[in-house]
Amino acid sequence: MVDFGGGHGFLSLYLKQKGFKVIYCDFNPSSVSTIQKISQKIGFGPDYYIEGSYQELLQFIKDRNIKVDYLISTDTIEHIHDLDEMFNYFSQLNSSIKMLFTTASNPKNFIKAKRLRKLMEKDEIEEYCPKRKEYLKKIGPELTEKELELLATKSRGLRYVDLIDFLEYYRQNQAVMQVDVDQYNCCEPDFGSWMERILPLSDYHQLAKKYNFSCTIENGFYCDVDKKGFKKKVVSLVNFSALKTSQLGLILSPFITLKFAPK
């Protein structure tokens, strides 16, 4: 079992307790260090630790001729810059691999989506756009302040590495290259990690079809462990609706579970 984007590693520890051989993988070196220290302290942990993303994961698996049966990833898929590239790598891990992803970026939960989009707008204005402007100023010293503002604004969703071609297109055509991104989704420009990218559910089905997977989307639920009295009853009722009714439940769900299996 691969725990992809494992973070603090508690899921890896749970899976290990359940009897799986576990491959922990996370891009953040601090996260890898954390789970290694925890594992050393408690006396058990994942069988393998990988610092990196899907590229490093595939290479690790190939080098050691490991058979991967399952991949699970919580709150990660909404941050991956290129899902098509990721699925291309995952499909090479094992032709019969089964994968499960959870994400809070549920486009059908309008209240939560609105809250996330408000945060996206804030991050884009205060952080990401200024960073792109500064980089464009560095690689395009001839640009006027007005051009810098225009190009920085219109390049939302691009990484630093993408801005080179973006600027060259502008130089050659005196027109701005169109970027395939909606009016909210934004990413940090270093590695392209999306803030909390919200995609139409149809995008996941199309991705599955391209790589010959089936895709099942299931409703999530709210935690009621810390709830008491009336609040606990309300949460239980909402959870019942979310789990038992597909359409209404999807609107109420705080997260969704994406299950991919080979056809």
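Residues numbered from 1 in each chain as written. Predicted model: local features only at pLDDT ≥ 70, side-chain atom pairs only at ≥ 80, totals over all residues. Heavy atoms only, no water.

Participant: Tell me about the nonpolar core, and name the residues and values.
Facilitator: The biggest cluster of nonpolar side chains holds 35 residues, and the ones touching the most others in it are Phe4, Leu57, Leu71, Met86, Phe90, Phe101 and Phe260. Counting residues per element, the ones that place at least two in this core are strand E1 (2-4), strand E2 (23-26), helix H3 (54-64), helix H4 (83-90), strand E5 (98-103), helix H8 (201-210), strand E6 (213-219) and strand E7 (256-262). Tallying contributions element by element places H3 first for this core, with five residues. Not counting the four nearest positions on each side in its chain, Phe90 is found in contact with Phe4, Tyr54, Leu57, Leu71, Ile97, Met99 and Phe101. (Core = buried A, V, L, I, M, F, W, Y, C linked by side-chain atoms within 4.5 Å. Buried < 20%, exposed > 50% of the residue type's maximum accessible area, 1.4 Å probe, protein only. Helix = DSSP H or I, 4+ residues; strand = E, 2+ residues; numbered from the N terminus. Contact = heavy atoms within 4.5 Å.)

Participant: How would you sum up helix H7 (residues 160-173)? Please name residues and give values.
Facilitator: The end-to-end C-alpha distance of H7 is 20 Å, a good match for the 20 Å that 14 residues give at a rise of 1.5 Å each. Buried residues along H7 sit in contact with helix H5 (110-139) and helix H6 (145-154). Just past H7, the residue Gln174 takes up positive phi, approximately 50°. (Expected span 1.5 Å × (residues − 1).)

Participant: Please set out the pairing of strand E4 (residues 70-74) residue by residue, giving values where relevant.
Facilitator: Where E1 and E4 come together, two bridges link them in parallel fashion. The residue bridging Val2 from the neighbouring strand is Leu71, located in E4. Pairing of E4 with E5, which is carried by five bridges, proceeds in the parallel orientation. Paired with Ser73 across the two strands is Phe101, which belongs to E5. With respect to chirality, the unit in which E4 leads through H4 into the neighbouring parallel E5 is right-handed. (Pairing = 2+ DSSP bridges. Right-handed = clockwise from strand over helix to strand, strands pointing away.)

Participant: Explain the environment of Ser96 to me, and be specific about the residues and the numbers.
Facilitator: Topologically, Ser96 is positioned in the loop between H4 and E5. A C-alpha to C-alpha distance of 22 Å links Ser96 and Pro46, two positions 50 residues apart in sequence. Every residue in contact with Ser96, bar those within four places of it in the chain, is listed here: Asp69 and Pro262.

Participant: So what about the state of the cysteines? Which residues, and what values?
Facilitator: For the coordinates displayed, the defined rule picks out zero disulfides. Free cysteine Cys129: the closest other cysteine sulfur is in Cys186, separated by 10 Å. Relative accessible area serves as the criterion here: at 14%, Cys129 is assigned to the buried category. (Disulfide = S-S within 2.5 Å.)

Participant: With reference to specific residues and values, describe the sheet that holds E6.
Facilitator: Strands sit in the order E3-E2-E1-E4-E5-E7-E6 across an open sheet of seven strands; the sheet is mixed. In the strand order of this sheet, the two ends are held by strand E3 (48-51) and E6, each with one partner. Averaged over all adjacent pairs, the angle separating strand axes in this sheet is 15°, with direction ignored. Its contacts with the sheet put helix H1 (residues 10-17) on E1, E2 and E4, and the angle it makes with E4 is roughly 145°. Contacts from H3 reach E1, E2, E3 and E4 within the one sheet, and its direction differs from that of E3 by about 140°. (Axes fitted to C-alpha atoms, helices over the stretch in contact; angles between N-to-C directions.)

Participant: Break down the packing of aromatic side chains for me, with residues and values.
Facilitator: On inspection of all chains with the given rule, the structure shows 15 aromatic pairs. With a centroid separation of 6.4 Å and an interplanar angle of 80°, the aromatic rings of Tyr54 and Phe90 are classed as edge-to-face. Residue Tyr54 is found in helix H3, and its partner Phe90 is found in helix H4; the two are separated by 36 residues along the sequence. Across the pair, Phe90 and Tyr54 agree in class, each one buried. Look at Phe87 and Tyr211: their rings are 6.4 Å apart centre to centre, the planes differ by 40°, and that puts the pair in the tilted class. Taken together, the residues Phe87 in helix H4 and Tyr211 in the loop between H8 and E6 connect sequence positions 124 residues apart. Tyr211 matches Phe87 in its accessibility class, with the two residues each being buried. An aromatic cluster is built from Phe4, Tyr54, Phe87, Tyr89, Phe90, Phe101, Tyr211, Phe213 and Phe260, whose rings are joined through pairwise contacts. The ring of Phe60 carries Arg64 above its face, with NZ or CZ at 3.7 Å from the centroid. (Phe/Tyr/Trp six-rings, centres within 6.5 Å; stacked < 30°, edge-to-face > 60°. Lys NZ or Arg CZ within 6 Å of the ring centre and 35° of its normal.)

Participant: Can you explain the side chain of Arg197? Please cite residues and give values.
Facilitator: The topology assignment puts Arg197 in the loop between H7 and H8. In terms of polar contacts, Arg197 uses its side chain to reach the backbone carbonyl oxygen of Ile80, at 3.2 Å. Residues contacting Arg197, with those up to four places away along its chain left out, are Glu78, Ile80, His81, Leu83, Ser105, Met120 and Asn185. (Polar contact = N/O pair within 3.5 Å; in protein donor to acceptor, adjacent residues only side chain to side chain.)

Participant: Report on the pattern of salt bridges, specifying residues and quantitative values.
Facilitator: Applying the stated criterion across every chain, the model contains 14 salt bridges. In this structure, Glu127 and Lys131 form a salt bridge, with 3.5 Å as the shortest nitrogen-oxygen distance. Here the residue Glu127 and the residue Lys131 both occupy positions in helix H5, the gap between them amounting to four residues, near one helical turn. Take Glu127: its relative accessible area is 35%, and that puts it in the partly exposed class. (Salt bridge = Lys/Arg side-chain N within 4 Å of Asp/Glu carboxyl O.)

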